[in-house]
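Chains, contacts and geometry: an overview
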Amino acid sequence: MSVAAPTPARSAELRQNYDAILSEVDKAGEARGGPKPRLVAVSKLKPSSDILALYEHGVRHFGENYPQELESKSKELPADIQWHFIGALQSNKCKMLAAIPNLFAIETLSSSKAATMLHKALSSQSPPRSSPLNVFLQINTSGEDAKSGLPTLSPTSTSPESSELASLALHILSECPTLRLKGLMTIGSYSSSTSEDPNPDFEKLDECRKALLAVLAGARDANAALGEKVGEIENEGLEMSCGMSEDYVQAIKQGSSSVRVGSKIFGLRPKRE
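The paragraphs below set out a description of the structure included in this document.

Cut-offs used in this document
- Residues numbered from 1 in each chain as written.
- Predicted model: local features only at pLDDT ≥ 70, side-chain atom pairs only at ≥ 80, totals over all residues.
- Heavy atoms only, no water.
- Helix = DSSP H or I, 4+ residues; strand = E, 2+ residues; numbered from the N terminus.
- Rg over C-alpha atoms; globule rule 2.2 N^0.38 Å.
- Buried < 20%, exposed > 50% of the residue type's maximum accessible area, 1.4 Å probe, protein only.
- Contact = heavy atoms within 4.5 Å.
- Lys, Arg positive; Asp, Glu negative; His and termini not counted.
- Charge placed at Lys NZ, Arg CZ, Asp CG, Glu CD.
- Core = buried A, V, L, I, M, F, W, Y, C linked by side-chain atoms within 4.5 Å.
- Phe/Tyr/Trp six-rings, centres within 6.5 Å; stacked < 30°, edge-to-face > 60°.
- Lys NZ or Arg CZ within 6 Å of the ring centre and 35° of its normal.
- Salt bridge = Lys/Arg side-chain N within 4 Å of Asp/Glu carboxyl O.
- Arc of directions from axis to C-beta.

This brings us to the overall build of the protein. Helices and strands together make up the secondary structure of the protein, namely 11 helices and eight strands. Relative to the 2.2 N^0.38 estimate, which gives 19 Å for 273 residues, the radius of gyration of the protein is 18 Å and therefore close to what a compact globule would have. By its C-alpha atoms, the protein is 60 × 50 × 35 Å across when sized along the principal axes. Buried positions account for 51% of the 273 residues belonging to the protein. In the protein, once contacts between residues fewer than 6 apart in sequence are set aside, the share between residues at least 24 apart is 63%. Between the mean site of the 30 positive side-chain charges and the mean site of the 33 negative ones, the protein shows a separation of 4 Å.

It is worth spelling out the side chain of Arg209 at this point. Tracing the chain through its elements places Arg209 in helix H8 (residues 200-222). Judged by its relative accessible area of 19%, Arg209 is buried.

Our next topic: the environment of Gly188. Looking at the secondary structure, you find Gly188 in the loop between strand E6 (179-185) and helix H7 (190-193). Given a relative accessible area of 9%, Gly188 falls into the buried group.

The biggest cluster of nonpolar side chains holds 71 residues, and the ones touching the most others in it are Leu109 and Leu137. Looking at which element gives the most residues to this core, the answer is H8, with eight residues.

Right, let's talk about unusual backbone geometry for a bit. With an omega dihedral of 0°, the bond running from Ser126 to Pro127 counts as a cis peptide bond. With respect to the helices and strands, the residue Pro127 is situated in the loop between helix H5 (112-123) and strand E5 (133-138). Despite not being glycine, Leu45 shows a phi value in the positive range, around 65°. Take Leu45: it is sitting in the loop between strand E1 (38-42) and helix H2 (48-55).

This paragraph deals with the packing of aromatic side chains. Under the counting rule described, the total for this entry stands at one aromatic pair. Seen in terms of ring centroids, Phe62 and Trp83 are 6.1 Å apart; in terms of plane orientation they differ by 45°. Their pairing is tilted. Of this pair, Phe62 sits in strand E2 (residues 61-64) while Trp83 is found in strand E3 (residues 82-85), placing the two residues 21 residues apart along the sequence. For the pair Phe62 and Trp83, a shared accessibility class is recorded, and that class is buried. Above the plane of the ring of Tyr55 lies Arg60, whose end atom (NZ or CZ) is 3.7 Å from the centre.

Between side chains of opposite charge, a pair can form when the charged atoms approach closely. By the definition in use, this model includes 15 salt bridges. Of the charged contacts in the structure, one is a salt bridge between Arg220 and Asp221, with a shortest N-O distance of 3.3 Å. Residue classification places Asp221 among the exposed residues on the basis of a relative accessible area of 61%. Here the residues in one salt-bridge network are Arg10, Glu13 and Asp50, joined through shared partners.

We now examine helix H3 (residues 67-76). For an α-helix, 3.6 residues make a turn, and residues three or four places apart therefore share a direction. If you check which residues of H3 are buried, you get Pro67, Glu69, Leu70, Lys73 and Ser74. In a view along the axis of H3, the buried residues occupy a sector of 160°, so they form one face of it. On its buried face, H3 is in contact with H2, E2, E3, helix H4 (94-98) and strand E4 (103-109).

Structural data, given as structure tokens:
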């Protein structure tokens, strides 16, 4: 590891910021009840020394948006960091991402093609990963053209079992044993994220989660081969990854299992060159 040590002042700033956010996350989780929410520190475009400062403070979950940056940081930082890839997933980057041994999750999967490429890349590794790679399916809950993700699914959808979301989930369960379907992810619209009212994007994500669980239960009943995997999902639940710097407390109130906070921990980011 060849990372420059953070200055004492920068370390203190980052740790103070992180602890303040974590306190709010924990309080919101306690008020809601259920499993404790996960706080992912989004470190994109920030130096490895910043990550090291928080790592030495006990933080392990970090999020990155760019494959090359994630690959580079993973090689120079401790191997027990649990990386989350939260950027746009391009098929030609699947092999690079799959080769990162301590990649905890890809949170932006939205196509069977990318799922298959990830599975093939993971299947060819020697030695293989010790456990399947967690994946979240990205949902475009706001319907904005500029955002990636699958169309929403609700309990009232016509033929929900043939929706893009259900098809991708079933493809992963039946054809990609090196992947673990961990949950669903969305990025709320800016207007909803800055409102004090319940966020409709988070409501839609929860609807998607419930509707998908119902589809998977029906698929299990129709196909015994899916029984064990669907049973695991039903026992563990499907996570919701939603909530960022402006709306993480509201996201937890509405059921988020994992929030992604960057600027409120690390400060404003430089422009990408």
